[in-house]
Amino acid sequence: MQEVLKRFTYDTICKVSLGTDPNCLDLSVPVPPLIAAFETAAAISARRSTTPIYLIWKLKRALNIGSEAKLKNSIKTIHTLVTNIIQDKQQTFSKSEPSHDLLSRFLAAGYDGELARDMVISFLMAGRDTTAAAMTWLFWLTSSNYTSARESIRAELSTIKSSGQLGYEVVKRDMGYLQACLCETLRLYPPVAWDSKHAANDDVLPDGTRVKKGERVTYFPYGMGRMEKIWGSDWSRFDPDRWFEKARKDDDDDDDNSRGVLKMVNPYVFPVFQAGPRVCLGKEMAFIQMKYVVASVISLFDFEPVSLEQPVFVPLLTSHMYGGLRVRVKEIGSV
């Protein structure tokens, strides 16, 4: 299932950012070379941080051997393919009638060359694996140990669908419990397990720690999402109700009002989408996409994981579920 979701999110981000449809959701189509190069480069880059002696990978890079040679080739492939995408877009681009995709808008604004290339790479990296990973873990959680959450999502959806279709405003505004489920999933299994920032100037952190210009500060969303100090003694439990101002009192009461309103959690406590001036620009788009996909799928199908074992969380540049999520699919209402 993880592979299907990755293909779907790649198709989606290509439509939004590039204005093209690679049709990867057709499982008979092989994985595009661009995606294969992305995954190779991301895996090797992430493993640099686990090298016992950092000089090892630097020496391999200097000599252009082993994994560093493979990384160099992957990056070259990415740059070449993305540059070709931009050049193709420029040939068909019209300033008088620009398309609505992000690349066309950047070209219309005068951006080109390496800047446009790096922007496209950022779009594709940020928009594919992150949302696919989050949805994979949510489908596993709601089809294994927490099926009650799945039924609560369906109850919320039945109320919404009775008043109309799942339009943009409805998805954005009226799916509080589903959004809470997504936040709880992101807390336990963040798509970016750790991240780093480099100090532009000398600074002092709130606890008094001095940081010099150029030094790297790393924070750990995966660990922060499992801290008892932040989330309480039941931090290991998947509990969407913790995201509401007033917890549900009656498990049999499916009225949204019994849950209260969604909390505004401090982004420095829940930094899955980063915080401050570096907050993720695609946060709202990610929630809209995930809510629409989960709502559409979970209202039609039941999933039963093939394996009863706890999946393994793999924290590369973008995390994923080791081996993917194999499930048995049953249409609701079918025998």
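Above this text sits the structure in question.
Residue numbering note: each chain is counted from 1, following its sequence as written. The predicted origin of the model limits local features to residues at a pLDDT of at least 70 and limits the giving and counting of side-chain atom pairs to 80 or more, whereas totals for whole chains, interfaces and linings rest on all residues. Excluding hydrogens and water, the side-chain values take into account all heavy atoms of the structure.

1. Considerations on the overall build of the chain
- Elements are defined by DSSP. Helices are runs of H or I of four residues or more, strands are runs of E of two residues or more, and each kind is numbered from the N terminus. Counting its secondary structure elements, the chain contains 12 helices and 8 strands.
- Taking 20 Å as the expected radius of gyration for a compact globule of 335 residues, we find that the chain reaches 22 Å, a close match to that expectation.
- Along the first, second and third principal axes, the C-alpha atoms of the chain reach 65 × 55 × 40 Å.
- Under the scheme applied here, a residue whose accessible area is under 20% of the maximum for its type counts as buried, over 50% as exposed, and between as partly exposed, the area being computed with a 1.4 Å probe on protein chains only. The buried share of the chain, taken over its 335 residues, is 39%.
- Only heavy atoms enter the contact rule, under which two residues are in contact if any of them lie within 4.5 Å. The long-range fraction of contacts in the chain, counting pairs at least 24 apart against all pairs at least 6 apart in sequence, stands at 64%.
- When the accessible surface of the chain is split by element, carbon and sulfur atoms take 54% of a total near 19,200 Å². Only the C-alpha atoms count toward the radius of gyration. The rule for a globule is 2.2 Å times the residue count to the power 0.38. The Shrake-Rupley method, run with a 1.4 Å probe, gives the accessible areas here. Residue values count only the displayed protein chains as cover.

2. Brief notes about the layout of surface pockets
- A 1.4 Å probe that fits into a set of points on a 1 Å grid over the protein atoms alone but cannot get out defines a cavity; an open set with protein on both sides within 12 Å along at least five of seven lines defines a pocket, and lining residues are those with an atom within 4 Å of a point. Grid points are joined across faces, edges and corners, and a volume is the space filled by probe spheres set on the points. Roughly 880 Å³ of volume is contained in the second largest pocket.
- Lining of the second largest pocket is provided by 22 residues; of these, K197, L205, V217, Y219 and Y268 occupy positions nearest its centre.
- At the level of secondary structure, the elements contributing two or more residues to the lining of the second largest pocket comprise β1 (195-198) and β4 (216-219).
- At 3 residues, the largest contribution of residues to the lining of the second largest pocket is made by β4.

3. Regarding the packing of helix α6 (residues 113-143) against helix α9 (residues 176-188)
- Fitted lines through C-alpha atoms give the axes, limited to the stretch in contact for helices. The angle between two N-to-C directions lies from 0 to 180 degrees. Two numbers describe how α6 lies on α9: the axes approach to 9 Å, and their chain directions differ by 105°. Of the possible angle classes, the one that applies to α6 and α9 is roughly perpendicular. Where α6 abuts α9, its residues A134, W137, L138 and L141 lie against L178, C181, L182, T185 and L186.
- Each residue is assigned to one of three groups, with Ala, Val, Leu, Ile, Met, Phe, Trp, Tyr, Cys and Pro labelled nonpolar, Asp, Glu, Lys and Arg labelled charged, and all others, Gly among them, labelled polar. Classifying every residue of the contact of α6 with α9 gives 8 nonpolar, 1 polar and no charged. Here is the rule for angles: anything less than 35 degrees is roughly parallel, anything more than 145 is roughly antiparallel, 65 through 115 is roughly perpendicular, and the remaining ranges are oblique.

4. Describing empty space enclosed by the protein
- Using the criterion set out here, one finds 2 cavities of 30 Å³ or more in the structure.
- By volume, the largest cavity is sized at about 60 Å³.
- Taken together, E3, K6, R7, Y10, C24, V31, P32, I35 and R128 form the lining of the largest cavity.
- Among the residues forming the lining of the largest cavity, the class breakdown is 5 nonpolar, no polar and 4 charged.
- The space that makes up the second largest cavity amounts to roughly 30 Å³.
- In terms of lining residues, the second largest cavity is bounded by R187, P221, M224, G225, W231, V269, F270, P271 and V272.
- Of the residues assigned to the lining of the second largest cavity, the class counts are 7 nonpolar, 1 polar and 1 charged.

5. Topic: the pattern of salt bridges
- Salt bridges are defined as contacts in which a side-chain nitrogen from Lys or Arg sits within 4 Å of a carboxyl oxygen from Asp or Glu. Under the counting rule described, the total for this entry stands at 19 salt bridges.
- As a salt-bridge pair, E3 and R7 come within 3.1 Å of each other at their nearest N and O atoms. Linking E3 with R7, this pair stays in helix α1 (residues 2-17), spanning 4 residues, or about one helical turn.
- Take R7: its relative accessible area is 10%, and that puts it in the buried class.

6. As for unusual backbone geometry
- Of note, N23 is a non-glycine position whose phi angle comes to about 60°, a positive value.
- When you line up the elements, N23 lands in the loop between α1 and α2 (33-48).
- The class of N23 is partly exposed, set by a relative accessible area of 39%.

7. Considerations on the environment of A43
- Residue placement: A43 occurs in helix α2.
- Considering only alpha carbons, one finds A43 and R128, 85 residues apart in sequence, at a separation of 15 Å.

8. So, the packing of α2 against helix α4 (residues 66-92)
- At a minimum axis separation of 8 Å, α2 and α4 run at an interaxial angle of 140°. Between α2 and α4, the interaxial angle falls into the category oblique. The handedness of the crossing between α2 and α4 comes out as left-handed. Each of P33, L34, A37, F38, T40, A41, I44, S45 and R48 in α2 lies in contact with α4, whose residues at this interface are S67, E68, K70, L71, S74, T77, I78, L81, V82 and I85. Two helices that cross are described as forming a left-handed crossing if the nearer one is turned anticlockwise from the farther one by less than a right angle, and a right-handed crossing if clockwise.

9. Observations concerning the environment of T50
- Looking at where T50 falls in the secondary structure, it is placed in the loop between α2 and α3 (54-63).
- For T50, a relative accessible area of 57% gives the class exposed.
- Sequence separation of T50 and I288 is 238 residues, and the distance between their C-alpha atoms is 34 Å.

10. With respect to α6
- To estimate how far a helix should reach, multiply one less than its number of residues by 1.5 Å. Between its first and last C-alpha, α6 extends 46 Å over 31 residues, near the 45 Å set by a 1.5 Å rise per residue.
- For α6, a buried count of 24 out of 31 residues is recorded, marking the element as mostly surrounded by other parts of the structure.

11. Some remarks on the environment of I75
- With respect to the secondary-structure elements, I75 resides in helix α4.
- C-alpha of I75 to C-alpha of Q2: the two residues are 73 residues apart in sequence and 24 Å apart in space.

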